[in-house]
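Examining the three-dimensional arrangement
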Amino acid sequence: MDQVPVVDLSAPSAASLAALDAACSDHGFFLLEGHGLDDLVDRTWAATHRFFAAGPEVKEPIRRTADRALGWYDRELTKRTRDHKEVFDFIDPDLVMDRPMNRWPEGLDGFEDTMRDFFDAFAALADRTTALVHETLGLDPETIEACAGARSTSTVRLNHYTVGDPVPETERAGLNDLGPTALGAHTDPGVLTLLLQDDCGGLQAQARDGGWLDVEPRPGTVVVNLGDTTQVRTNDRYRAAVHRVLPMTASDRYSIPLFFNPRRDAVVEPIGALADGAPAYHPFTWREFIAGRTDDNYADLGVDDIQIDRFRVA
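A brief structural summary. (Residues numbered from 1 in each chain as written. Predicted model: local features only at pLDDT ≥ 70, side-chain atom pairs only at ≥ 80, totals over all residues. Heavy atoms only, no water.)

1. Some words on the overall build of the chain
- In terms of regular secondary structure, the chain is built from eight helices and 16 strands.
- The C-alpha atoms of the chain give 19 Å as radius of gyration, which agrees with the globular expectation for 314 residues (20 Å, within 12%).
- Reported as C-alpha extents along the three principal axes, the dimensions of the chain are approximately 55 × 45 × 45 Å.
- Counting only residues that meet the buried cut, the chain has 54% of its 314 residues in that class.
- Carbon and sulfur atoms make up 49% of the accessible area of the chain, which amounts to about 13,700 Å² in all. (Helix = DSSP H or I, 4+ residues; strand = E, 2+ residues; numbered from the N terminus. Rg over C-alpha atoms; globule rule 2.2 N^0.38 Å. Buried < 20%, exposed > 50% of the residue type's maximum accessible area, 1.4 Å probe, protein only. Areas by Shrake-Rupley, 256 points an atom, 1.4 Å probe, with all protein chains shown as cover.)

Below, the structure written as structure tokens:
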């Protein structure tokens, strides 16, 4: 647990911020307590369990497709292998668009209201956490504001990791093989991710030396992991968290991440004060980067998805 420090958001100490700095430089994970959202977290867990316990009559009408990217799905790919889980995705419920994007299940009273409350609270928490990370680097307020994320581009996902294949045996023909882990090693593309995890364990982070360490469940905390955008902006000072989930063997696992992403029109590039005249990355737009990270969610395109190394200065 010492390798994944705990920061009290209500009163962060100098020692905890020093530990946060060390962890972000090594593996990109830390835990938050003092967030004041315990009651909402309990309600969100209850709604999540109700959804995944529902039958196909609830899930199938909101199955994700290539042209309807939100809703329920049970055969997502990570680096061309199938994940051991089913998911439910939604975006900012207050976002005004030409056509509604979110697809809510029928027959689960209170589910949508709870998810709306969760999105509001955790988007605000992600904003506070992003500022804390960049304050730890000693950056000025204007730079910190430029590194902020946006709720309009962020996503919440409900995860249900199953013991065994999440797809019924009669529907597996032609699908990619399951991966050797429940969720393959990867980084998240955005600014940072806030994650609720249950008490099953299985989440692991990779340190700079290549070793894997457990991100053990700790009651009352929110897991934070940094994304690719933050690694680029900090010019490799901080590390996008390489993480994976081990297969479930005894009981199912549930988790709930909010992926906090840059503004839609953001240009992602190293911060001048941290680059010291030698930026490690060429600038790129968030729009092109996220498109390259999601194009293969529904089909194996024959190549791994885009990574920030594509933009690294030779």
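Next comes the rest of the account.
2. Some words on helix 4 (residues 111-136)
- With 26 residues, helix 4 extends 37 Å between its outermost C-alpha atoms, agreeing within 8% with the 38 Å of an ideal straight helix rising 1.5 Å per residue.
- One or two steps after helix 4, the chain reaches Gly138, where phi turns positive at roughly 80°. (Expected span 1.5 Å × (residues − 1).)

3. Quick word on the pattern of salt bridges
- Tallied over the full model, the rule gives 22 salt bridges.
- Asp117 is paired through a salt bridge with Arg43; the nearest N and O atoms lie 3.3 Å apart. Here Asp117, found in helix 4, pairs with Arg43, found in helix 2 (residues 38-53); they are 74 residues apart in sequence, far enough to count as distant.
- Between Lys59 and Glu86 there is a salt bridge, and its shortest N-O distance comes to 3.1 Å. With a gap of 27 residues between them, Lys59 in helix 3 (residues 56-59) and Glu86 in strand 6 (residues 85-91) connect regions that are remote in the sequence.
- Salt bridges sharing partners connect three or more residues here, namely Asp92, Asp94, Glu112, Arg116, Asp120 and Arg151. (Salt bridge = Lys/Arg side-chain N within 4 Å of Asp/Glu carboxyl O.)

4. Focus: the sheet that holds strand 14 (residues 253-262)
- Ordered by their spatial adjacency, eight strands build an open sheet running 1-2-12-9-14-7-6-3, and the pairing between neighbours is mixed. At either margin of the open sheet sits one strand with a lone partner, and together these are strand 1 (6-8) and strand 3 (71-73). The mean angle between the axes of side-by-side strands here comes to 25°, regardless of whether they run parallel or antiparallel.
- Both strand 7 (residues 149-161) and strand 14 contribute to a ladder of seven bridges, which runs antiparallel. The partner of Gly149 across the bridge, within strand 14, is Pro262. (Pairing = 2+ DSSP bridges. Axes fitted to C-alpha atoms, helices over the stretch in contact; angles between N-to-C directions.)

5. So, the packing of helix 2 against helix 4
- One way to put it is that helix 2 packs onto helix 4 with a least axis distance of 10 Å and a crossing angle of 135°. When the axis of helix 2 is compared with that of helix 4, the two are oblique. Both helix 2 and helix 4 take part in a crossing whose hand is left-handed. Contacts between helix 2 and helix 4 involve Leu40, Val41, Arg43, Thr44, Ala47, Thr48 and Phe51 from the first element and Phe111, Thr114, Met115, Asp117, Phe118, Ala121 and Phe122 from the second. (Parallel < 35°, antiparallel > 145°, perpendicular 65-115°, else oblique. Left-handed = near helix turned anticlockwise from the far one by under 90°. Contact = heavy atoms within 4.5 Å.)

6. Some remarks on helix 1 (residues 14-26)
- Look at helix 1: 19 Å from first C-alpha to last across 13 residues, which is about the 18 Å you get at 1.5 Å a residue.
- For helix 1, the complete set of buried residues consists of Ser16, Leu20, Asp21, Ala23, Cys24 and Ser25.
- Elements that come into contact with the buried residues of helix 1 comprise strand 1, strand 2 (29-33), helix 4 and strand 12 (222-226).
- The positive-phi residue at the C-terminal boundary of helix 1 is Gly28, with phi of around 85°.

7. Quick notes on the nonpolar core
- Judged by nonpolar contacts, the single largest core of 51 residues is most densely connected at Phe51, Phe111, Phe122 and Leu192.
- Sorting elements by how many residues they give to this core places helix 4 first, with eleven residues.
- Other than its neighbours up to four places away in sequence, Phe122 contacts Leu37, Val41, Leu194, Leu196, Val222 and Leu258.
- If you look at the next biggest cluster of nonpolar residues, it comprises 16 residues, including Tyr161, Leu213, Val223 and Met248. (Core = buried A, V, L, I, M, F, W, Y, C linked by side-chain atoms within 4.5 Å.)

8. Points about the pairing of strand 14
- Burial runs high along strand 14: nine of the ten residues are buried.
- In this sheet, strand 14 lies alongside strand 9 (residues 192-197) in antiparallel orientation, the contact comprising six bridges. Within the sheet, the bridge partner assigned to Leu196 lies in strand 14 and is Ile256.

9. What about the pairing of strand 2?
- Taken across its five residues, strand 2 has four buried, putting it largely inside the fold.
- Two elements, strand 1 and strand 2, share three bridges in a ladder whose sense is parallel. Residue Val6 lies in a different strand from strand 2, and its bridge partner there is Leu31.

10. A look at unusual backbone geometry
- Although it is not a glycine, Asn235 adopts a positive phi angle of roughly 55°.
- In this structure, Asn235 sits in the loop between helix 6 (228-233) and strand 13 (243-245).
- One non-glycine residue with positive phi stands out, namely Asp276, at about 55°.
- Tracing the chain through its elements places Asp276 in the loop between helix 7 (272-275) and strand 16 (284-285).

11. With respect to the sheet that holds strand 10 (residues 203-206)
- Taken in spatial order, the four strands make up an open sheet running 8-13-10-11, and their pairing is antiparallel. Each edge of the sheet is formed by a strand with only one pairing partner; in this case those strands are strand 8 (183-186) and strand 11 (212-214). Taken over all neighbouring pairs, the strand axes of this sheet differ in orientation by 25° on average, direction set aside.
- Here two bridges tie strand 8 to strand 13, and the two strands are oriented antiparallel to one another. Note on strand 13: the bridge partner recorded for His186 is His243.

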